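Secondary and tertiary structure notes
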Amino acid sequence: MEKEPSTIFLESSDESDVEEESVWEDINPEDRLVRDRILTRRYHSARDLTHLVKAQIEREEEEQRQRLAESDTRTDSLATITTVSSETSKTSSFMYPPARPLKDNGSDGPRFMTDGEIFPVFLPLKRTKSEPDLRGDEDEFLYIPQDFNIAMEEIEKQKLQIKDLKEGKKMEDIEHVEEPIGRTTASEERSQMGSVPKSARTKHQEAEDKPTLAELALEAGRKYVIYPKKKKEKTKPVDMARIEAIERFLAQRPKKLKRTNSLPEVQVPVERLLRVPQHVRARTRRSIPDLLHFDDYAAKRGYHKGQDQREWTRDLWNVWFDEVFPASQSDDEWSMSDTASEQAEKSQAKRKLSIGSIISDSIDNLEPLADSEENVEAILLMQDEVEKLTQEIDNTDKPRAFDFCRRGAIYRKLGQLMNAKNDLDRAISMEPLLLDAYWHRHLLYLLQEKKKAALDDLNVLLKHSKHHPGAYRSRAEIYRRAGDVTMAIVNYGQAIKRDPNDHEAYYRRAEMYEKRGEMLLALEDYSMATKLEPSKTEAILKHGLYYFNNKTWQAAINDFTDLLAVDRNSSEARTYRGRAYAKLQQWNSAVEDLSAAVHLDPMNSIAHYHRGCILRKLQPKKALQDLSVSILLDDSENNVEAYLHRGILYTEIGKPEDAIPDFEAVLRLDKDIASAHVSLGLIYMTKFDNYQNAIRKFTAAIKVDPTYIRAYVCRAEAYHRIHDIRNSLLDFTRAIHLRPDIHHFYMYRGKLVLEMGNLELAAFCVRHASELNAGLGQSPTQQAVVQSFLKNYDKAIDALAAATRQKPVAPLFTLLGKTQMKAKQWSNATENFQKALGVLKPWSEKESWPHEAAEVNYLIGICNMEMRHYLEANDAFNNAIKVDSKNAQAYYQRGLSRMRLKQPKGVQDFNRALALDPTIFQAYLSRAAYYGLRGQFSKAILNCNEAIKLQPNSVRAYLYRGALKYHIRAYQLAINDLSKAASIDSTCALAYFNRAVCYHDSKSYQKALTDYGIVLLLGDQLMLKVLINRGLLYFDRDDYRNALQDFMLASKINPKDRKIHHTVGLCFHKLNKLEEAVQAFTMALQLDQFFLDGYIGRGNVFMDFGHSIGNMYAKHDYERALHINPTCLPARVNLAYNLQVCGKYRQAWQQFTTAIRIDPTFKPALEGRAIVNLQMSDTFASFQDISASVKVTPTAELLTNRGVIHQFMQDRVNAMRDYQAAIDIDPTYALAYFNAANIYFHMRQFKQAQSYYDKALEFNPKDESALLNRAITKVMLRDAPGALDDFKLAVKLSPYSAHMYFNRANLYTSLGQYDKAEKDYTKALSLQPDDALVHKRRADVRGKLSKTKDAIADYKYAIEIQSRKRATVDANSLMRHSKASMLAVH
């Protein structure tokens, strides 16, 4: 058995080496290959040893070839050896140098090789270098940007190029389609084996055969190279007219073929690519297939009875298939003998090259993508790089895998696909872990539509490198195109995890989610894609379409508005937004958007259609034009509604003959539209008296929709007109069965029954209809008037209803409607007013309405306003104005309705009403309210002034004006107006409440409290608002007890308001009632589990408990808040402070850092991280954070903190500057004075220190530290009485501070007052017993007082304390030393 090279090389080693080799043989083969590749890598220190291995491998290969040669015949031995050696030289040069060729002795016989040719040549050993040459070449390196998106764009362009080539648009060989294949001789075939045909050679390969510019320069004797000028390719202008003609042609509806008797033979020139051989063509063409005449065809083709028909047919099929689709030749066929090749040539001479065979061939070379000047320059650079890499590979004994990988990648960009494939395969074979080679080869496979191979390369790449977002993207794209949605989503998710800023990955994953039906996840990804790439209009459009399809109109409008902010010329977005506006009945906005969509895209049939539908009532001609244009643009079944609405519009304007074709077109496109059948039937029945056709259409509508009541009613009317009463009665009965609550159907049926002579059944139908129609009783008119006066509206309504039935005249209907308005029966009143209009309606359309119709329409508008049917009210007021154009009240009410509809023209109606009647008080107030809503407070105030001129005692006008003045922060003027309103009506609680709000904002708290109290005394109408506002006022004044009482009452009134419970918790927290505060916050959280302020407030309370359990609960609350909203900065900062209190400075620092990343200007986070950095002894980082916080908004507190950090950094000068800057910002900030005084004290400037301590105590008299330091400063200034006074005050403020007594005792000692000094030392020791210094000082004082025993006892105890501390320090140092030594041993 043949040994491996590594085994042969190790045979000369000693036994230990053999043992090591046996160990290596047990490892994984893949790891063993890696080890062999590392050992054979091209380092200078191992150069000589690799030659030995190569020589041995060559020797083994040569022996193998000799064994193969001996097995063949002697006559062919030489040729076989030559062929094998040549092939070996081609393949072995990949890794090893080529073998030496055999010498030719000039004889044709066989020759045996010598020992020198067979055995390897072992070169003498040379001194090697132990250090490899890792520097590499220092030449310039070409960097080519190649991310995933650029690679995909190139691949798509190259795919289009391949498609064009396959379709025959750019293939030059297509001219030889009909030339026979087998005309080449055997010698030519052999020559073609080693050379590439000219038809397959690319322009780049032909350019390589030409001399380079450098060679031309050397031939001419020049020492420089002249580059040819680049010629810009002239692009032909696009013929837009031709493109539009093509689009119109493609938009035409396909014509259906009808069955014909025969197909005429038309002599049309057939394109060369589509020509078929003569013997394949059918001589006769019939409309009936030839399969029906199989017997005749079999007789003509020589079929004999007894043969198997299937086998006979299969033989015919095989012959035809071989003629049309010739078989491709394999590589083994080229090694056939001459006889076999001649037979193949004869058989192939009969075949003809077909179009399909050419198209099926793979394309190995493409033109470089030179679509711009930058790409042309890049192509030239890449070609130079290829030449450079080729030269390096050819000049190197053992080329590097990286060079092949790089050259293969550049070949792919240049379109040389085969060369790229070979180089990348070779790079992978040399270096199986060269992941870039897998990446570029997978791109090549994608270009060649070899998705499985590309997926395999990606799997290998991701197996060894998990952090490659492009690989996940590419794999996701492969799964997406293969239809595997789940795997595509998983890979897009991995790509997003590696690159969170990849908006395209979010968009693609959203498409996959949408395809799988998970729309919420898709919407999140669409939103993320839009956030990362605001110009990604496709994502915004998909987001808006989801809301549009789910009828969430306002959200859809917002999305389409965002899209238009990015792309103002998007016709599709404007179309959808206009349709959404139409659904919300915002007609003006809808028409504007649809008109813009038509302007941007005149071919937009949908926009034309919807605009026509909106304008159908107001502008019928314009609507007709839009519908017609929509039909011209799209006459398919997708636009069938346009035909339907245009037919209805033609009917309404009195053109039934034009409406009929439209309805027929609707039915041709979709026979299931019942309304089209009914509309056609009505035209036939009412316009042409063609009742039979009408009945057929109505019947067709019922077949389409058996529940369509209108079809039954219309067919019943048609039957009645042809005197088919029985069928008419049946149809009305069916209509009643479907809608038993409509009285008109009973009336119609009663009429029919009466005509049939059944009086009793007719009376029953009428009586039943009267019961459904709110009663048809009878009463005198006078009684109705009396009952109305007595406010017995029910009886009055009954009487008037009876009167209108007896005498249905317009005044009675109007009076009945007014009575119903008084009874607040708005719907019934509207019905009666409509009846009055029906009576007042003129017989001819040319006649004008009577003047009474204006009042009736006005009353109808008032009823609709009360029912909040603002659109119907607007129409009613319009009708009233048409009848009486000087009706000021109608203008005013129409303005109100337009305000309710959010139409901007409402204020114009107010203006017209005031122009007609300047005394309309309500119009001024309504106009003031309109201007106030728009923020035009000055205009609103002027209208209130006019209203007050008309009615000087109007409380409402003063309330309006006071509220408007409050909005412009003219609090005193607002208070004057509200006081005037309160003086006019002392029971108006709203005036007192608004005045209290003004007092509150102007910081007149006592007056505000008084007005809030008055509001509570007037009633409970505003009680909740008063309690909340008054509680906030108390809270601002730090009166937490009263605030708590108000919020507790408010929580009883509205126990489900989470904010009230939260404020109660804050009050308990301020009062240090921690358990009650926790309960209040818990109640708020029970009402709303996602209330962030509740978790933060409860966490703050837990922190104030001051023990570890409280800190743990606080941490849990902060983490819950962050789980709900990870961007909640207060929760994150409080969590950081919690971690700081627990001593977890690093985690606290991370939380502060996260908060700063979310908002770099968040001061609490910057300040908190500065404190943590200071605690971690990182003063410079602390200084940076506090400086950043100061840059956001400099405050006295921040500047003081930065000064403290400067002091830690021993920079007292800058510290003093910060303290002075803090004092400049806030001259009352005591801490800045205190710290500045400390600096003066350390610099021994005691007078300045004393003055600053005085300032600090002036603004904070309870600061015991300032008193203590000022006392020490006075001691240094020899002001003993003043120092004693300060010590006395400091002791009162902090009676449990030992250092207070210690410092005062030192002063007494210096003054010789040893008795007082001994008392203070004793007090200090009672507070801090184990202080050796205090014991020593007291011993000194006792010695002065002749208390020798006590002094000696103090000295001994001080020595004992000091020795104990030293022993503790020595023990700690010893433990640290022993621990370090243990670590060293390990």
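Residues numbered from 1 in each chain as written. Predicted model: local features only at pLDDT ≥ 70, side-chain atom pairs only at ≥ 80, totals over all residues. Heavy atoms only, no water.

Now for the overall build of the chain. In terms of regular secondary structure, the chain is built from 72 helices and zero strands. Within the span of the chain, comprising 1386 residues, buried residues form 39% of the whole. On the chain, roughly 84,000 Å² of surface is accessible, and the fraction owed to carbon and sulfur atoms is 53%. (Helix = DSSP H or I, 4+ residues; strand = E, 2+ residues; numbered from the N terminus. Buried < 20%, exposed > 50% of the residue type's maximum accessible area, 1.4 Å probe, protein only. Areas by Shrake-Rupley, 256 points an atom, 1.4 Å probe, with all protein chains shown as cover.)

With that out of the way, let us pick up the side chain of Asp1046. Mapped onto the elements of the fold, Asp1046 is located in helix H54 (residues 1040-1053). Since its relative accessible area comes to 3%, Asp1046 is described here as buried. Those residues within four positions of Asp1046 in sequence are excluded, and the remaining contacts are Leu1027, Arg1030, Gly1031 and Tyr1034. (Contact = heavy atoms within 4.5 Å.)

Attention now moves to the packing of helix H26 (residues 553-566) against helix H27 (residues 571-583). The relative placement of two packed helices comes down to the angle between their axes together with the axis-to-axis distance. Contact geometry for H26 and H27: axes closest at 9 Å, N-to-C directions at 155°. As judged from the angle between their axes, H26 and H27 are roughly antiparallel. In terms of crossing hand, the pair formed by H26 and H27 is left-handed. Listed contacts from H27 to Trp553, Ile557, Phe560, Thr561, Leu563 and Leu564 of H26 are Ala573, Arg574, Tyr576, Arg577, Ala580, Tyr581 and Lys583. In terms of residue class, the contact of H26 with H27 is built from nine nonpolar, one polar and three charged. (Axes fitted to C-alpha atoms, helices over the stretch in contact; angles between N-to-C directions. Parallel < 35°, antiparallel > 145°, perpendicular 65-115°, else oblique. Left-handed = near helix turned anticlockwise from the far one by under 90°. Nonpolar A, V, L, I, M, F, W, Y, C, P; charged D, E, K, R; others polar.)

A separate point is the packing of aromatic side chains. If you walk through the whole model with that rule in mind, you get 21 aromatic pairs. Arranged with centres 5.9 Å apart and planes meeting at 45°, the rings of Tyr1233 and Tyr1252 form a pair that is tilted. Here Tyr1233, found in helix H65 (residues 1230-1242), pairs with Tyr1252, found in helix H66 (residues 1246-1259); they are 19 residues apart in sequence, far enough to count as distant. The same class applies to Tyr1233 and to Tyr1252, which are both buried. Site record: aromatic cluster; members linked through ring pairs are Phe548, Trp553, Phe560 and Tyr576. Over the face of the ring belonging to Tyr507 we find Lys536, whose NZ or CZ atom lies 4.5 Å from the ring centre. When the ring centre of Trp1149 is taken as origin, the NZ or CZ atom of Arg1146, which lies over that ring, is 5.4 Å away. (Phe/Tyr/Trp six-rings, centres within 6.5 Å; stacked < 30°, edge-to-face > 60°. Lys NZ or Arg CZ within 6 Å of the ring centre and 35° of its normal.)

Our next topic: a nonpolar patch on the surface. Residues Ile246, Phe249 and Leu250 make up a contiguous nonpolar surface patch of about 340 Å² in total accessible area. Looking at the secondary structure, you find Phe249 in helix H11 (residues 240-251). Exposure remark for Phe249: the relative accessible area of 57% places this residue in the exposed category. (Patch = residues over 30% accessible without salt bridge, like charges linked within 9 Å, V, L, I, M, F, W, Y side chains within 5 Å. Salt bridge = Lys/Arg side-chain N within 4 Å of Asp/Glu carboxyl O.)

We now examine the nonpolar core. One finds Met821, Phe833 and Tyr1012 to be the most contacted residues of the largest nonpolar core, which totals 106 residues. If near-sequence neighbours (up to four positions away) are discounted, Tyr1012 is found in contact with Phe993, Ala996, Val997, His1000, Val1026, Asn1029, Arg1030 and Leu1033. Ile428, Leu458, Ala495 and Met512 belong to the second largest nonpolar core, which has 60 residues in total. (Core = buried A, V, L, I, M, F, W, Y, C linked by side-chain atoms within 4.5 Å.)

Its place among the elements puts Tyr1040 in helix H54. Residues Tyr1040 and Phe1068 lie 28 residues apart in sequence; the distance between their C-alpha atoms is 8.0 Å. With sequence-adjacent residues up to four places away left out, Tyr1040 is seen in contact with Phe1035, Cys1067, Lys1070 and Leu1071. A polar atom in the side chain of Tyr1040 sits 2.9 Å from the side chain of Asp1038. (Polar contact = N/O pair within 3.5 Å; in protein donor to acceptor, adjacent residues only side chain to side chain.)

As a packed pair, helix H47 (residues 921-933) and helix H48 (residues 937-950) sit with axes 8 Å apart at the nearest point and diverge in direction by 165°. Considering their axes alone, H47 and H48 lie roughly antiparallel with respect to each other. Like other packed secondary-structure pairs, H47 and H48 cross with a definite hand, here left-handed. Of the residues in H48, those in contact with Phe921, Tyr924, Leu925, Arg927, Ala928, Tyr931 and Gly932 of H47 are Phe937, Lys939, Ala940, Asn943, Cys944, Glu946, Ala947 and Leu950.

With that settled, the discussion passes to helix H69 (residues 1298-1311). If you check H69, its first and last C-alpha atoms are 20 Å apart, about what 14 residues at 1.5 Å a residue would give, namely 20 Å. Listing the buried residues of H69 in full gives Ala1298, Met1300, Tyr1301, Phe1302, Asn1303, Arg1304, Ala1305, Leu1307 and Tyr1308. In this structure, the buried residues of H69 make contact with helix H67 (1264-1276), helix H68 (1280-1293), helix H70 (1314-1327) and helix H71 (1332-1344). Positive phi appears at Gly1312, one or two residues downstream of H69, with a value of about 80°. (Expected span 1.5 Å × (residues − 1).)

One pass over the structure, following the stated rule, counts 49 salt bridges. Between Arg509 and Asp525 there is a salt bridge, with the nearest N and O atoms lying 2.7 Å from each other. Taken as a pair, Arg509 in helix H23 (residues 503-516) and Asp525 in helix H24 (residues 519-532) lie far apart in primary sequence, 16 residues in all. Here the two residues Arg509 and Asp525 agree in accessibility, since each one is buried. A salt bridge links Arg898 to Asp909; the nearest nitrogen and oxygen atoms lie 3.3 Å apart. Of the two residues, Arg898 is situated in helix H45 (residues 888-900) and Asp909 in helix H46 (residues 906-916); the sequence distance between them amounts to eleven residues. A residue is classified by how much of its surface remains accessible, and Arg898, at 13% relative accessible area, is buried. One salt-bridge network, in which partners are shared between bridges, spans Glu477, Arg480, Glu504, Arg508, Glu511, Glu514, Lys536, Glu538 and Lys542.

Attention shifts here to the side chain of Lys421. Within the secondary structure, Lys421 sits in helix H18 (residues 417-430). Residues within four places of Lys421 in sequence aside, it is in contact with Leu444 and Tyr445.

Next up on the list: unusual backbone geometry. The residue Gln1210 is not glycine, and still its phi comes out positive at about 60°. Tracing the backbone shows Gln1210 in the loop between helix H63 (1196-1208) and helix H64 (1212-1225). Residue classification places Gln1210 among the exposed positions, given a relative accessible area of 62%. A positive phi is found at Arg1278, a non-glycine position, where the angle reads about 65°. Relative to the assigned elements, Arg1278 resides in the loop between H67 and H68. When its relative accessible area of 78% is taken as the criterion, Arg1278 is described as exposed.

For the rest of this paragraph, the subject is the environment of Asp436. Along the chain, the position of Asp436 falls in helix H19 (residues 435-447). The partly exposed category is assigned to Asp436, whose relative accessible area is 44%.

Turning to its location among the elements, Arg912 is positioned in helix H46. Residue Arg912 is classed as partly exposed on the basis of its relative accessible area of 40%. Non-local contacts of Arg912, meaning those with residues more than four positions away in its chain, are made with Tyr891 and Arg894.

This paragraph deals with the confidence of the model for the chain. On average, residues of the chain score 76 in pLDDT, and 75% of them are at 70 or above. When pLDDT is averaged over each element of the chain, helix H35 (residues 709-721) comes out on top at 93 and helix H5 (residues 77-92) at the bottom at 32. Segment residues 328-361: pLDDT under 50, and 43 contacts once partners within four positions in sequence are set aside and those in other chains are kept. (pLDDT = per-residue confidence, 0-100.)

So, on to H46. Within H46, the full set of buried residues consists of Gly906, Val907, Asp909, Phe910, Ala913 and Leu914. Buried residues in H46, looked at end-on, bunch into an arc of 155°, giving them a common side. Contacts from the buried residues of H46 go to H45 and H47. (Arc of directions from axis to C-beta.)

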